[in-house]
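Summary of the model geometry
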Amino acid sequence: MKYKLKHIIKATNMTFIGSLLFASCIGNFEELNTHPTDVYPENIPAEEKTGSLFPSMLYLLNPTHENQNQHIEQMVGQYGGYFSTTNEWDGTNFSTFNPSANWVEEPYKLLFTGFYPNFQSIKEYTKGIGYAYAWASIIRVGVMQRVTDIYGPIPYSKMGEGNFAVPYDDVQTLYHEMIDDLTKSIDALSIFLQENGNEPHPLAEYDLIYNGDFRKWIKYANSLKLRMAVRIAHLDTEYAKQAMKEAITGGVIESNEDNAFLPSNDNPICKSTNNWDDLAINASIAAYMNGYEDPRIPLYMSKILLGRVPYRGVRMGTIGISQFYSKPIFEQHSPLAVYYAAESHFLKAEAALRGWIEGGNGIAKNYYEQGIKTSMDQYKVEIGNYLNNTTTSFKYEDILTTNNVTFENAPSVSWEDGDNKLEKIITQKWIANYPLGIEAWTEFRRTGYPQLISCNPKDNKSSSAYIGSISDTRMVRRLPYPTSEKTGNATNVEQAISALLKGDDTGATDLWWAKKD
C-alpha cells in the first residue's frame, strides 16, 4: 500500500513545530530531528518522506499560525511603519519599546530553531545534493535572512550537522554565505530543468507557493540575491555588484504573475484585526498614502467614521483603539505575501542610481516608475496622474490627541521634482511592499527612509530591561539575543557579542549593513 502524506502534512508539521517551541536549543536535537512521520510504515516513498518536510519550512517565510504571525510579522514587523499593535499585555508591547523577554525570543525560536530539524532531515535524505536539497537551501536563505536582519550575527556556515551549539558568523560573512548558497541552488535547479523540462517537479504537491514550477523558484532565488546584494553594496561594493549582475542576468521576479504568496484559510492579520482588536494601521503609511492621494489606499486600510480624512492610522506606542482609526484590510482567505515583483524594479532603480549597475539617472527613473506601475497593476487600480504628483507637505492629525505631525520635506512621487532620488525610491518601495514589515524595518534601518512618525511620546516607555534605551526617531535597531541562546550556546553567543556585533547586545546597536562606513 502506498501511504499518501499530503492529507496529514499540516497537522503533522504543526505538531512538530510546536514541540520545538518548548525544547532546549541543544539538548534534544536528535529527538526533535526524528522524522515526524516515523510512526507510519517504512515503505513510504522517498519523495513523500522528503516532500512532507517542506510545507512547515515554507510557512516560516511568513507564518500563517495566528500566534506566530503576531509575534513576528505584526509585533516586530510594526517597526516597518505598516501596523500598530494597540493592546498592552501586562504592561509590555514592542510598540512602546518594552517587550517581555519571551517576546524578544519568539522570532529566533520560531524561525531559527523551528527551521533546522526539517532541513537537516532533507539534507540526510538527499545527501546534500540534487533538486530537493537545492530547493530547501533557497527556503533556508529566505528564512535565515529574516533572522539575521532581526538579530544580527547568527550561526549559519556551521549549521546543518545536527547541533545547534555552533559558532556565529558575522553579518558580512552571513550575506556572502547566503548569496553563495543561492547561486549553487540556482545552478542545481537549472540543471534539473535542462534534464527534465519544465514540467512540475516530483515534489510539486508540497510546493505551496509555485506548485512545482522551478523556473519561478529560480526567479525568487535571484530576487533574494538582488535584494541582499543591494543591502550590502555601500559597504561591500565589488562583491555586491557582481552578485547583482548575476541575479539580474539570471532573471528576477518582474511580473505580478510570479509574485510569491502562501495560502491561508485563516489569515492571522485578519484575525488580529477583526477578532482580537489588537491591530491598527500605522500612522506613517496612512499619512503618506493620504498625502499622495494614493489609489491603493482603500485596498490597504478601512475607512473611519469621523474626521477630515477618511483614512487615519494610529501612532505607534498608542495604547487603546477605537472606531476613529483605520484597520488593515485582509479577508479570512487572503494569502500571505512573501515577495512582490515591484520590489525587484525598485532594487534595480537604486542600483542604477548609485552606479552599482549600468544606467544612471535615466534608467533609474524607468525602473522606479515601473515599480510603481507594477504595484498599481498588482492591486488593479488606475494609476492616473500619480507619477506626476509633486506633493511634499502633508499632515498626520490625530483626532483624539494633540500629537500631530507635519511632513514638510517629504519626497514627491514625481522623479523630476527634487534631488532626493534615493528617498523617492525607498519610500515608494515601502508603500508597494505593504505589509512586509520586517523587510520595511530593515530598509528603514539601512537607509533612514521613509521618514516614519516617531513613537507616541505619551505612552512610550523608551526603555526595557531587554531592549535598552531607544531613540524615538531611530527606533529599535535590532532585537537582543534570546535568553535560551545565552544559556544553551553561551560561549558562542559571548563571542558573537564581543567580536562580531560591534556593540552592546541591546536594541540600540546598528547591524553591519546599517553602518555608514
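This report concerns the structure included in the present document.

**Considerations on the pattern of salt bridges**
Enumeration over the complete set of coordinates arrives at 27 salt bridges. Notably, a salt bridge pairs Asp505 with Lys486, separated by 2.7 Å at the nearest N-O pair. With Asp505 in the segment after α20 (490–500) and Lys486 in helix α19 (residues 483–488), this pair connects stretches of sequence that are 19 residues apart. Classification of Asp505 by relative accessible area gives buried; the value is 15%. Classification of Lys486 as partly exposed rests on a relative accessible area of 37%. A cluster of three or more residues bridged by salt bridges with shared partners is formed by Asp149, Arg227, Arg231, Glu343, Glu350, Arg354, Lys429, Glu439, Glu443 and Arg446.

**Notes on the side chain of Asn93**
Mapped onto the elements, Asn93 comes out in the loop between β1 (83–85) and α6 (101–113). Overall, Asn93 belongs to the buried group, its relative accessible area being 0%. At 2.7 Å, the side chain of Asn93 forms a polar contact with the backbone nitrogen of Ser95. Discounting residues that sit within four places of it in the chain, Asn93 has contacts with Gln78, Thr85, Asn87, Asn98, Pro99, Trp103 and Ile319.

**Section: helix α15 (residues 341–353)**
For α15, with 13 residues, the first-to-last C-alpha span of 19 Å sits near the 18 Å given by 1.5 Å per residue. For α15, the buried fraction is high: 12 of the 13 residues fall into the buried class. Residues of α15 that are buried include every one of Ala341, Ala342, Glu343, Ser344, His345, Phe346, Leu347, Lys348, Ala349, Glu350, Ala351 and Ala352, and no others. For α15, the secondary structure elements touched by its buried residues are α10 (214–232), α11 (237–250), β4 (336–339), α16 (360–378), α17 (421–432) and α18 (437–447).

**A few points about unusual backbone geometry**
Each neighbour pair has its own omega, and for Tyr434 with Pro435 the value is 5°, a cis peptide bond. Take Pro435: it is sitting in the loop between α17 and α18. With an omega of 0°, the peptide bond between Tyr449 and Pro450 qualifies as cis. With respect to the secondary-structure elements, Pro450 resides in the loop between α18 and α19.

**Quick notes on the packing of aromatic side chains**
Evaluation of the coordinates by the stated rule reveals 39 aromatic pairs. Ring plane angle 55° and centroid distance 6.1 Å describe the contact between Phe112 and Phe164, whose orientation is recorded as tilted. Of the two residues, Phe112 is situated in helix α6 and Phe164 in the loop between α8 (130–151) and α9 (171–196); the sequence distance between them amounts to 52 residues. Of the residues examined, Phe112 reaches a relative accessible area of 1% and is grouped as buried. Look at Phe164 and you get buried, because its relative accessible area is 2%. Cluster of aromatic residues (ring-pair linked, three or more members): Tyr82, Phe83, Tyr288, Tyr292, Tyr300, Phe330, Tyr379, Tyr386, Phe394, Phe407, Trp430 and Tyr434.

Rules and cut-offs
Residues numbered from 1 in each chain as written. Predicted model: local features only at pLDDT ≥ 70, side-chain atom pairs only at ≥ 80, totals over all residues. Heavy atoms only, no water. Salt bridge = Lys/Arg side-chain N within 4 Å of Asp/Glu carboxyl O. Helix = DSSP H or I, 4+ residues; strand = E, 2+ residues; numbered from the N terminus. Buried < 20%, exposed > 50% of the residue type's maximum accessible area, 1.4 Å probe, protein only. Polar contact = N/O pair within 3.5 Å; in protein donor to acceptor, adjacent residues only side chain to side chain. Contact = heavy atoms within 4.5 Å. Expected span 1.5 Å × (residues − 1). Phe/Tyr/Trp six-rings, centres within 6.5 Å; stacked < 30°, edge-to-face > 60°.

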